[in-house]
Number of protein chains: 2
Amino acid sequence: METLKLYDFLPSGNGYKIRLLLTQMGMPFERIEINILKGETRTPEFLSKNPNGKIPVLEIEPGKYLAESNAILVYLSEGTEFLPYDRFLRAQVLQWLFFEQYSHEPYIATSRFWISILGKAEEYRVAIEQKREPGYAALKVMENHLSKHTFFVGERYTIADIALFAYTHVADEGGFDLTKFPAIQAWIERVKAQPSYISITQEKFMNYCYNLG
Amino acid sequence: METLKLYDFLPSGNGYKIRLLLTQMGMPFERIEINILKGETRTPEFLSKNPNGKIPVLEIEPGKYLAESNAILVYLSEGTEFLPYDRFLRAQVLQWLFFEQYSHEPYIATSRFWISILGKAEEYRVAIEQKREPGYAALKVMENHLSKHTFFVGERYTIADIALFAYTHVADEGGFDLTKFPAIQAWIERVKAQPSYISITQEKFMNYCYNLG
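Residues numbered from 1 in each chain as written. Chains lettered and ligands numbered in written order. Predicted model: local features only at pLDDT ≥ 70, side-chain atom pairs only at ≥ 80, totals over all residues. Heavy atoms only, no water.

The name given to chain A in an unreviewed UniProt entry is Glutathione S-transferase family protein, with Amazonocrinis nigriterrae CENA67 as the source organism.

Right, let's get into the relation of the copies chain A and chain B. When chain A is fitted to chain B, the residual RMSD is 0.0 Å, and the transformation amounts to a turn of 180° plus an axial shift of 0.0 Å. Within this description, the copies of the chain are treated as partners about a two-fold rotation axis. Closest approach to the rotation axis among the C-alpha atoms of chain A is made by Y102(A), whose C-alpha sits 3.0 Å away. Taken as a fraction of all interface residues of chain A, those also at the interface in chain B reach 100%, which identifies the copy contact as same-surface. (Least-squares fit on C-alpha atoms with pLDDT ≥ 70 in both. Contact = heavy atoms within 4.5 Å.)

Two aromatic rings are characterised by how far apart their centres lie and by the angle between their planes. Inspection of every chain in the model, using the stated rule, returns 27 aromatic pairs over all chains. Seen from their ring centres, F88(A) and Y75(B) are 6.3 Å apart, and the 80° between their planes marks the pair as edge-to-face. Taken together, the positions of F88(A) in helix α4 (residues 87–117) and Y75(B) in helix α3 (residues 69–77) put the pair across two chains. The buried category is assigned to Y75(B), whose relative accessible area is 10%. Aromatic side chains W96(B) and F99(B) sit 5.2 Å apart centroid to centroid with 80° between the ring planes, which places their arrangement in the edge-to-face category. Placement of both W96(B) and F99(B) in helix α4 (residues 87–117) is noted, with a separation of three residues, approximately one turn of the helix. Like W96(B), the residue F99(B) is buried in the burial classification. Three or more aromatic residues link up through ring pairs in this structure, and these residues are Y16(A), W96(A), F99(A), F152(A), F165(A), W187(A) and Y197(A). For the cation-ring pair, R190(A) lies above F151(A), with the distance from its terminal atom to the ring centre recorded as 5.8 Å. (Phe/Tyr/Trp six-rings, centres within 6.5 Å; stacked < 30°, edge-to-face > 60°. Helix = DSSP H or I, 4+ residues; strand = E, 2+ residues; numbered from the N terminus. Buried < 20%, exposed > 50% of the residue type's maximum accessible area, 1.4 Å probe, protein only. Lys NZ or Arg CZ within 6 Å of the ring centre and 35° of its normal.)

Residue and element names in this part refer to chain A. When its domains are assigned, chain A resolves into domain 1 (4–80 + 199–209) and domain 2 (87–192). Here domain 1 and domain 2 have C-alpha centroids that lie 20 Å from each other. On the side of domain 2, 18 residues touch domain 1, which itself brings 19 residues to the contact. When the two sides are added together, the surface that domain 1 and domain 2 hide from each other amounts to roughly 1400 Å², 66% of it contributed by carbon and sulfur. In terms of surface lost to domain 2, no three residues of domain 1 exceed K17, L37 and N70, which account for 28% of the buried area on that side. Counting across the domain 1 and domain 2 interface gives one salt bridge. E100 is paired through a salt bridge with K17; the nearest N and O atoms lie 2.9 Å apart. Counting across the domain 1 and domain 2 interface gives eight residue pairs in polar contact (both at pLDDT 80 or more). Of all the secondary-structure elements, those providing two or more residues to the side of domain 1 that touches domain 2 are α1 (13–24) and α3 (69–77). Class assignment for the residues of the side of domain 1 that touches domain 2 results in 10 nonpolar, seven polar and two charged. (Domains from an automatic or database assignment. Buried area = accessible area lost by both parts, 1.4 Å probe. Salt bridge = Lys/Arg side-chain N within 4 Å of Asp/Glu carboxyl O. Polar contact = N/O pair within 3.5 Å; in protein donor to acceptor, adjacent residues only side chain to side chain. Nonpolar A, V, L, I, M, F, W, Y, C, P; charged D, E, K, R; others polar.)

Our focus in this paragraph is the nonpolar core. Judged by nonpolar contacts, the single largest core of 118 residues is most densely connected at W187(A) and W187(B). Those residues in contact with W187(A) that lie beyond four places of it in its chain are M142(A), L146(A), T150(A), F151(A), F152(A), D161(A), L164(A), F165(A) and T168(A). Listed in part, the nine residues of the second largest apolar core include F9(A), I32(A), F46(A) and A67(A). (Core = buried A, V, L, I, M, F, W, Y, C linked by side-chain atoms within 4.5 Å.)

All names here are of chain B. Scanning the model with the defined rule gives 16 salt bridges over all chains in all. Residues R19 and D8 are paired through a salt bridge, measuring 2.5 Å at the closest nitrogen-oxygen approach. Separated by 11 residues along the polypeptide, R19 in helix α1 (residues 13–25) and D8 in strand β1 (residues 4–8) bring together distant segments of the chain. Here R31 makes a salt bridge to E33, at a shortest N to O gap of 2.7 Å.

If you want it as structure tokens, here you go:
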């Protein structure tokens, strides 16, 4: 089998989802850093891989690309312990993946991007303020669920946890106060205790194949 | 088998996705109108069905609920002609479903909501203006793809087409000019020519069970 290639940006939570899953699956991959701050997702070469101009992109074999972090998570986890086999449980995983991309990421990840990646909290002050209420609403939905469950689906660690963990555990970098959410905090610790856990900006992975290019 | 119940709002494209698929599958369902303009997704009763307070919600059997339109599409279409069996094709369907919810719906559907559902184009003028560029960017990604393909995945009509069709074919109601996108327009006609096609606000469905409650 070809070694998987991951077009990625190290501070990205969406990229981290894939790194974390691949590492926990014990699957080797080559990581190719794409600096989104330098327009590297807007080059003709990158747009030929993902016309939507976003990382992460997984190159499954030469010329065969898959975009959208949560679609990549599902693709990789099918048939593994990270995605339930039961049809309704699998649907619930998808429900949380779409919740993450629609009701969570646009508020919590975007605030972190402006404040901690770009370092432009003042310039984006009004926009950041507008993200507060819907961001906290998403955290409340999670807190409510986690106050009754150990993980998001089927009381087991799945890609639903990976997808929601990626930006939630660094929500403070976007100015969100997690101390108000004890169930989320306990869940974060449960995720961090999973085998082969790696942190979001960890450069060296188990099975990590350094990009020599 | 229990009759499926769909908690829905007739003008909603996200609700329409499910109505269209169920009708094309020939699957009976009961539609329960939830008026989102009257706060009916914020009642304790509705929040017990979907804590995120959004329609559509599918009630699979009494007390067993599934939210997020695109998760519902996948759940219903598994094992049918509307979702490919091949693993990579299925991943591509998911890629387009996440594209729709992240890069398309928040711009194109939201503009339509403000202009044509709420009828408040003037009040939301600045916000609508901000949605123009990313909305057209999403349409360009679609146009580019459809200039080389008959449908989004595998040259066959799938739930990827249903998900993207729902808000694209009424994008003009949000002030987007589709005359610039000939490949999208031709694809819209191909979708409308599919067997058992219904329009977005069609009240009577094949197999439609009227909610007597």
